[in-house]
Structure formats: structure tokens, C-alpha cells
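What follows is each chain in one-letter form.
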Amino acid sequence: MSKKFYVITTIILAAAVLALAGVATWAYTDGQGYRSQLENGSRKAFYDLVADVNNLEVKLNKVNVSSSASYQRQQLLDIWRQSDLAATNLSSLSTGNSLVGETTKFVNQTSDYCKYLSDRIAETGEPLSSAEKAALRSLYETNVSLKDSLNSYDVNTAVSEMSFSGYDSEGSNNFVSSLNENVDSSIDYPELIYDGPFSDSIQNKTPKLSGEEVGVDAAIEYFAALHGIDKANVADNGESSGRFKVFNLSYGDTVAQVTAIDCKLLSMNNYHECDQQEYNEEQCITIAERFVKSAGFDNMKKVWISNYNGIMYINFVYASGETVCYSDMVKVKVASDTGAIVGFEAQEYLTNHYDRGTVPAPTLSENEVLDSIIDNMTLSAVTLALVPDGESETLTYELYGQYEGTDFFIYVDAKTGYEIEVLQVIDGDQGRLLI
Amino acid sequence: MKKRRIVTACLVLAVAIVTVTCLIIAPLVATTEAVVYKQGSTGSSVKEIQRLLKNQGFYFASVDGIYGSKTVAAVKAYQKRYGLVVDGIVGTKTASYLGISLTSSGGSSGSYSSSDLYLLARLVYGEARGEPYTGQVAVAAVVLNRVKSSKFPNTIAGVIYQSNAFTCVSDGQINLTPNTTAKNAAQDAMNGWDPTGGCLYFYNPATSTSKWIWSRPIMLSIGKHNFAL
């Protein structure tokens, strides 16, 4: 009897231990498989990145010795594509923290700047100027140091010495950290000023908002008056300083930010899910117009309305005479069930608005522009519009029309007659969109 | 008696070892895509569920993609008929009986920007679902600010799936189905609402382990998150 008990006990324990060992071995091999897959992904990205940077060096050099516009343009477009690839490969290596952020910025700027130059050549037909070549030369030199840094990771030893997927306790990748230390910090990146989205001047834009700085009491008074409520009901939630110094105020469920300079409403939100629609588009526009005016934004013209789940998104821009200025935009959300303002945003207006004086008259007449559009387009409206163009603005004719059942906005430069943007209107689940 | 007790103890021990092993291993083995459809869910997958239930004679209302009480009743009837757990929720098992696989990409079909919007809504839901509405818009705005910045990838998917950028991507919470609030917050951010004033980072000071993040200038805090440039 007793022997049998011991045998059974031993068998059960042995089986349990074996099962445990089996599961552990399986989990380990499985984990190893995933790990090597991950590592191989990073390795591929690294090899591709090295190849991209090598190609960039050659192409940047070729542009510098070439003097013909068409060849330069072709190479610039190649660089644009190649540096886009490099940026993609960098992002599959890098971590969310700013590691390799500077390198990414360099690669993105190279891409952006070359695109800008190639557009410029296409427009003017002129080959690169000596200033532009100098900027490209400095990009070339930076690229050489980047290439040297990357190549100093002798790929064979790098792979064995450095675990690509090894993460330290703070979640950063050992390989990326060392890439960051060696590449990011040792290279002097040039500062580029040009009209493109990644230009330093655009990225670090300072607001044009001017006026007197007010205290929190004045902000509360302004906010209370706007809502027709007693200022005792407005809660002061302190200051914060993003692009603007603002006072954070709230009233019930409504939270708002009012700028210290010039005391203007920067943003406001009151979350609301719509029920049955009670107010139509026209009524919502009137409500929004009234609100925008009482918030202290004058000469605003409605340019866009879109309905998303019963919330009307209405955009207004500043109108200088007959010309609308797209940089100076405020956005209003109106709930179509209650007719209440549930959102307001004036970031773009407060960043870009300034007294432009009188907008110069267009060089081309309306008829000259209309002659150039394609035959089957039915025009519904023509407006003069100032559109943002990097740091400056371009005066355009905005042509709104239909082509084969689809709505389009076409922007034609009022000086040169070039089309600078074509936007398509899409009606979908998310209301009306522009693409 | 004593021996019997030893055997019992050994049995308990053995069971305990196996259980603990399973408990430790199970979460490592299980996929994190815990997608279920229940009352309140919306989207194309819900439509698909309704369509299949209708074809099989369990659902009679309109196929509208909204998981309401009628859909719950239909799912319950279906589960009862096939001997499944009657809970009115379409999980992996019910879904496999229905003949669909529950993938996380239950986004609305259509244009490029609408899938981007859905991805952004999933990030907001995974990262900030307990936060006030403005905080959710702010998280979505940070993603879009990164897309615009030269220091980050240039697409929404690129920014969201950048390694280690967001915890909800690492732990799989991004695959949960977003609610209406998260979708509206993503939509607002897409429409240009940015309560952060251009911030590129956010973190929860109570749980953040990265020392580096503390060195960024803090611009404002909303709910549990600090936002930084």
C-alpha cells in the first residue's frame, strides 16, 4: 500500500516537472523566434538606411557639378525620393523619444528642400543659383559625416556586438542610443530657410498676435460677457504657455483658453453628442457668425461647412475687402440639436493675422484666368484668395466648380497664371472633406 | 492516513505548479487582440455581424452598423440556438460560429483619410480613454503635430507605430474598438483643434519611467497627462 502511494506521488511530481520543463522550453524557443524576427527587421532597416545615405551622397554631389536645369531637376527629384526612404528606415529604427530626432530632421529637410528646389526649377526654368548650390553643398557635407558615422558601425561586428532589440530599463534601444550618441550629437546640421513645411522658420513660427497684455481678471470678464453669465461662475484653472500665453478658464463643462496678449478666445470645447437635428445649416451658420463677431473677430467670412454626426463644423476666414485670407482662420462647432456653440478654435487666426494694408490688385484679369481652365469644368464661383505659401502669401483666384459630378477648388496664381493647388471635395461619413 | 495526506499534498503541489505555470505562460501566449463586439459598438464589423444574423433568421431590424438592443437580442438568440454562452456579446467563439474572424482592423472602409481617422481614434482610446474630452483631443493633436514636425515620421501610421512611441501600441490596447468619444476627439484634432498649442510629447507623471521626458518644458496638463514641447 505504502509503496504504491510513493510510486504514484513520484510519477505525479515527475510529470508536473516534465510538463513545466516542456512549457518553459517551448516558450523560450518561441520567444527566440520572435526576437530574431524583430532583430532581422531592424537589421534590414539599418542596411537600407546605409544604402540610402550612400546614394544620397552621390546624388547630392552630382547636382553640385551639373549646370543644366533639367538634369538638376531630375537628380533633385531622386534625392527627394531617396531621403523619404531614408526617413522611413530611420523611423523603423528609432524610438519615440527624441533619439535620432536630429538625424530624422536632417533627412526630412533634405527631402523637403530638394522638392522645393525642383518645383522652383520647374516653375522658372532657371538652373540652381550659387546660393542654392551652397545650401546643397552644406547638405552634402552633413550627409558625408552621417554616412561616415553609419559606416563606422562595421556591419558585421555591429550586428554581433550590439543587440538590435536589446532594450534597457528605460525602454530605449541600445543600438539606437549609440546611434544617437555618435550620429546625432557629433554632426553640425545646417539651418535651412526656404518656403517648405519643414523649413526651420516655419517649424519655429512665432505668432503675429499683438496688443496689450491683460491679466486673468480681464480674461474672465471677456469670457463671462461672451457667454452672458456672471463672472463668479467662471473658474480660473491657471496659466499655460504653449505658442501663446493663455489663461485656462472653465464654466460648467465648457473649457476655454483666452490669450493674455489682446485677450482673445484661443480655443473652447464642450463635449456634446448630437441627438435629433433641430437647426438647419443656415441657422447654424447664423449662430456661429454671431458668436465669432461677439468674440472680437471682425470681417469674417464663412468658407466651409461640414456636418459630422450632427455637429456642424463651420470655418471662417478674414476677408480684406473682396479677398479672403485663408491663413486667418477660425473654426466653430455648432450642435445642430441644441443650437449651442460646442467648440471654437482660433490658433491659425491668432498666429497669422496682421494688418495687411490694402491687398494689391491681381496682375491677371479674371477672364484671362478663366480661359486657362479645362473645357468640361462647370464653374460656380470665383473669388480672390490669399493662400499661405511657406512664410509668405500668394494672391490667387479661387475657382469653385464641378467636373464629372465631383466638386473641385482650383487655386490659380493671380500673377503668373500657374495652378498652385487643386482640392477635391469628398462627401463621406465624416461630412465634407477636402483632399 | 499520514501517507494519504502526503499524497494529497503532493497532488495539490503538482496541480499548483501546473496552474501557476499556465497562469504565467497564458498571458504571454495569448494574443493581445481582445476584440469583442457588444452593445455600443459600431462600424463595418457590426454591419457584417448583423448581415450574417439576418441571413440566418435571427435579426430583423436594419443593418445599420450600430450594436443596439435588437442586435443584442439577436446575438443572444443565436448563442442559445448553438449552445454558446448566452451573453449577447460577439467574442472569438461566437464570431467563429458566425463564420467571421475578429480582426482589429474593424475600421470603416473607404478613403485614405477615413482609415487614418480610425487609427487615430484607436490610439486615443487606447492611450487616453479615461481622460477628459479635451485631454483626448490633445493626445490626438500630439500625433498630428508629430506628423507635421520634421523630427518624426511623416504619416499618422508612421508616428503611431514608431517603436516605443506609445505604450498602448506596445501592450496591444490600440487594438481595442474605440468609442464615440474617442472618434469625435480624433475628428476634432483632424479638423485642426489643438488644445496643446503645438506640443510633441505627453506623459503621465504618475507612471512615466523615462527620466528623459522630464527634461522637456511642460506646457500644460490636462487630466492625468502633462504635455510638453
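Observations regarding the overall build of chain B
Okay, step 1: Assigned secondary structure in chain B consists of 9 helices and 3 strands.
Okay, step 2: Helices and strands in chain B line up, N terminus first, as α-α-α-α-α-α-α-α-α-β-β-β.
Okay, step 3: Looking at chain B alone, contacts between residues at least 24 apart form 55% of all its contacts between residues at least 6 apart.

Here's the deal with the overall build of chain A
Okay, step 1: Secondary structure summary: chain A contains 11 helices and 13 strands in total.
Okay, step 2: The buried share of chain A, reckoned over its 435 residues, is 47%.
Okay, step 3: Accessible surface for chain A amounts to roughly 21400 Å². Of this, 49% is attributable to carbon and sulfur atoms.

What about helix H8 (residues 216-227) of chain A?
Residues and elements named next belong to chain A.
Okay, step 1: The end-to-end C-alpha distance of H8, which contains 12 residues, comes to 17 Å, matching closely the 16 Å that a straight helix rising 1.5 Å per residue would cover.
Okay, step 2: Where H8 is concerned, the buried positions are Ala219, Ile220, Tyr222, Phe223, Ala224 and Leu226.
Okay, step 3: Its buried side turned inward, H8 meets strand S1 (235-241), strand S2 (245-251), strand S3 (254-259), strand S4 (265-269) and helix H9 (281-294).
Okay, step 4: Phi turns positive, to about 60 degrees, at glycine 228, one or two residues after H8.

A few points about unusual backbone geometry
All names here are of chain A.
Okay, step 1: Non-glycine residue asparagine 299 carries a positive phi angle of around 55 degrees.
Okay, step 2: The topology assignment puts asparagine 299 in the loop between H9 and strand S5 (300-308).
Okay, step 3: The phi dihedral of asparagine 309 falls on the positive side, at around 50 degrees, and the residue is not glycine.
Okay, step 4: Among the secondary structure elements, asparagine 309 is positioned in the loop between S5 and strand S6 (311-320).

Quick look at the side chain of aspartate 188 of chain B
Okay, step 1: Along the polypeptide, aspartate 188 of chain B turns up in helix H9 (residues 180-190).
Okay, step 2: Looking at aspartate 188 of chain B, its side chain comes within polar contact range of the side chain of tyrosine 313 of chain A, at 2.4 Å.
Okay, step 3: Setting aside its immediate chain neighbours within four residues, aspartate 188 of chain B contacts Asn269, Tyr313 and Lys333 of chain A together with Tyr133, Val137 and Trp193 of chain B.

Some points on helix H3 (residues 69-81) of chain B
Counting along an α-helix, one turn takes 3.6 residues, and residues three or four places apart therefore face a common direction.
Residue and element names in this part refer to chain B.
Okay, step 1: The end-to-end C-alpha separation of H3 is 18 Å, in line with the 18 Å expected for 13 residues at 1.5 Å each.
Okay, step 2: Inspection of H3 places Thr71, Val72, Ala74, Val75, Tyr78 and Gln79 among the buried residues, and these make up the whole buried set. End-on view of H3: buried residues confined to an arc of 165 degrees, all on one side of the axis. Facing away from the buried surface of H3 by more than 90 degrees, the exposed residues are Ser69, Lys70, Lys80 and Arg81.
Okay, step 3: Looking one or two places after H3, you find glycine 83, whose phi comes out positive at around 70 degrees.

Structural notes on the packing of helix H1 (residues 2-65) of chain A against helix H4 (residues 130-152) of chain A
Residues and elements named next belong to chain A.
Okay, step 1: Running from N to C, H1 and H4 cross one another at 150 degrees; their axes reach a closest spacing of 9 Å. On the basis of the axis angle, H1 is roughly antiparallel to H4. The hand of the H1/H4 crossing is left-handed. For the pair H1 and H4, the contacting residues are Phe46, Leu49, Val50, Val53, Asn54, Leu56, Glu57, Leu60, Asn61, Val63, Asn64 and Val65 in the first and Lys133, Leu136, Arg137, Leu139, Tyr140, Asn143, Val144, Leu146, Lys147, Leu150 and Asn151 in the second.
Okay, step 2: Class assignment of the residues belonging to the contact of H1 with H4 gives a composition of 14 nonpolar, 5 polar and 4 charged.

Some thoughts on the pairing of S1 of chain A
Residues and elements named next belong to chain A.
Okay, step 1: Bridge count between S1 and S2: 5 bridges; the pairing is antiparallel. Counted as the bridge partner of serine 240 is valine 246 from S2.
Okay, step 2: The antiparallel pairing of S1 with S2 creates a hairpin that spans 3 residues between the two strands.

So, how was this worked out
Residues numbered from 1 in each chain as written. Chains lettered and ligands numbered in written order. Predicted model: local features only at pLDDT ≥ 70, side-chain atom pairs only at ≥ 80, totals over all residues. Heavy atoms only, no water. Helix = DSSP H or I, 4+ residues; strand = E, 2+ residues; numbered from the N terminus. Contact = heavy atoms within 4.5 Å. Buried < 20%, exposed > 50% of the residue type's maximum accessible area, 1.4 Å probe, protein only. Areas by Shrake-Rupley, 256 points an atom, 1.4 Å probe, with all protein chains shown as cover. Expected span 1.5 Å × (residues − 1). Polar contact = N/O pair within 3.5 Å; in protein donor to acceptor, adjacent residues only side chain to side chain. Arc of directions from axis to C-beta. Axes fitted to C-alpha atoms, helices over the stretch in contact; angles between N-to-C directions. Parallel < 35°, antiparallel > 145°, perpendicular 65-115°, else oblique. Left-handed = near helix turned anticlockwise from the far one by under 90°. Nonpolar A, V, L, I, M, F, W, Y, C, P; charged D, E, K, R; others polar. Pairing = 2+ DSSP bridges.

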